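# Structure assessment
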Amino acid sequence: MASCGGTSFQRRVRSQRVPGTRPSLRNGQLLVSTGVPSLDHIIGGGLAVGTLLLIEEDSYESYSRMLLKYFLAEGVVSRHSLFIASAKDHPEEILQELPAPLLDDVIGTNEAIRETEDNSGNSNNSTTAAQNSMTIAWRYQNLPKVQTALTSSSRFGHYYNVSKTMSTELQQSVKCHGFFLPDEVPLDLTVIECGNMNFGYVRLLKSIQRVIREEGFDGVCPQAKKRNILRIGIHSLGSLLWGEDIGLHENAKHACSLTKFLYALRGLLRTSLSACIITVPAYLIQRLHLPPDLSDTVSRSSKQNLAESAKLLSTGCGGAARGKEHLDF
């Protein structure tokens, strides 16, 4: 009697990896590129999904703003969704200033066009071009050839041409969400009670939370959509345009407002497929009430000030860090 039962063997299907990501060699955590391969190498291979990176702004915002553009441009090339927040420049302006990527498929297309044009030319021009191409020292002619072109556009991390801006077609190929503070904050803030946190931070946090939940980036309750990464770029957070008064008054109205926002954002990112880069003014980073280990490397304060900052964080910011039980960004 023939058996009609099927075999119990089931082929194991490997989960499809999210484009523009790779697992960490140390702990297997999902990483995305910052857009600067050398920076990826410094921070351990890339920016971990579910984390945020604070960048101290330089005097003229040249390097910090460029790093933010690299991060966003890498998201466009990797087909990731973007969320751009700013209080100074409109998100559309920042998007239009993204540098153009250097992709091998573009280079290969240009080389193919040149070859076609060269083949269609006369033999004299081809002979002249061949002679011009041999202007190389004789001792280097026998050396093995090396690949000078960039690798595939699907690689992890790309290079960019800062002298050119990204094409409009490439910018429109991804979905971009914007948060411009002047459009979000009403003129009269006296009628709005937002607790002990800056109203702009509250609106920004809710906007990020809405995008994460509605667009399917929530890892707790994933939606039936293709998995993708949300790249969040926040420009000059905590500046005077954000209404931050740290350093202006001895008793600031919201002394721990920015610190609370960073903790709340960190908690939101940890349960989502998103990564964030924030540029913060230098004078503000030195006054942030960060945990002791972060303050030691970021704010460059003395040990006594670190202890006072940890005490203020545990009392004034809801007891999120007590002793060594603090949270890491």
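No experiment lies behind these values; they were computed from the predicted model shown.

### Focus on the overall build of the chain
When helices and strands are tallied, the chain shows 12 helices and 10 strands. Each of the 329 residues in the chain was classed as buried or not, and the buried ones make up 42%. Carbon together with sulfur atoms contributes 52% to the accessible area of the chain, which is approximately 19800 Å² in total.

### A short note on the confidence of the model for the chain
The predicted model of the chain averages 74 in pLDDT, with 60% of residues at 70 or higher. Counting interchain partners and residues more than four positions distant, the pLDDT-below-50 stretch residues 105-113 has 1 contact. Segment residues 292-329: pLDDT under 50, and 60 contacts once partners within four positions in sequence are set aside and those in other chains are kept.

### Here's the deal with the sheet that holds strand S1 (residues 21-23)
Sheet architecture is open: 3 strands sit in the order S1-S2-S3, paired in antiparallel fashion. Single-partner strands in this sheet number two, and they are S1 and strand S3 (47-48).

### Some remarks on the side chain of Ser257
Of note, Ser257 is situated in helix H9 (residues 257-269). If sequence neighbours within four positions are ignored, Ser257 has contacts with Asn196, Met197, Asn198 and Tyr201.

### Digging into the nonpolar core
Ranked by size, the top nonpolar core spans 32 residues in total, and within it Leu204, Ile234, Leu237, Phe261 and Leu265 carry the most contacts. Those elements that provide at least two residues to this core are strand S5 (81-86), helix H8 (199-214), strand S9 (230-234), H9, strand S10 (274-280) and helix H10 (282-285). For this core, the leading source of residues is H8, giving 7 residues. With 28 residues, the next largest nonpolar core counts Val32, Ala73, Val77 and Ile84 among its residues.

Quick notes on the rules
Residues numbered from 1 in each chain as written. Predicted model: local features only at pLDDT ≥ 70, side-chain atom pairs only at ≥ 80, totals over all residues. Heavy atoms only, no water. Helix = DSSP H or I, 4+ residues; strand = E, 2+ residues; numbered from the N terminus. Buried < 20%, exposed > 50% of the residue type's maximum accessible area, 1.4 Å probe, protein only. Areas by Shrake-Rupley, 256 points an atom, 1.4 Å probe, with all protein chains shown as cover. pLDDT = per-residue confidence, 0-100. Contact = heavy atoms within 4.5 Å. Pairing = 2+ DSSP bridges. Core = buried A, V, L, I, M, F, W, Y, C linked by side-chain atoms within 4.5 Å.

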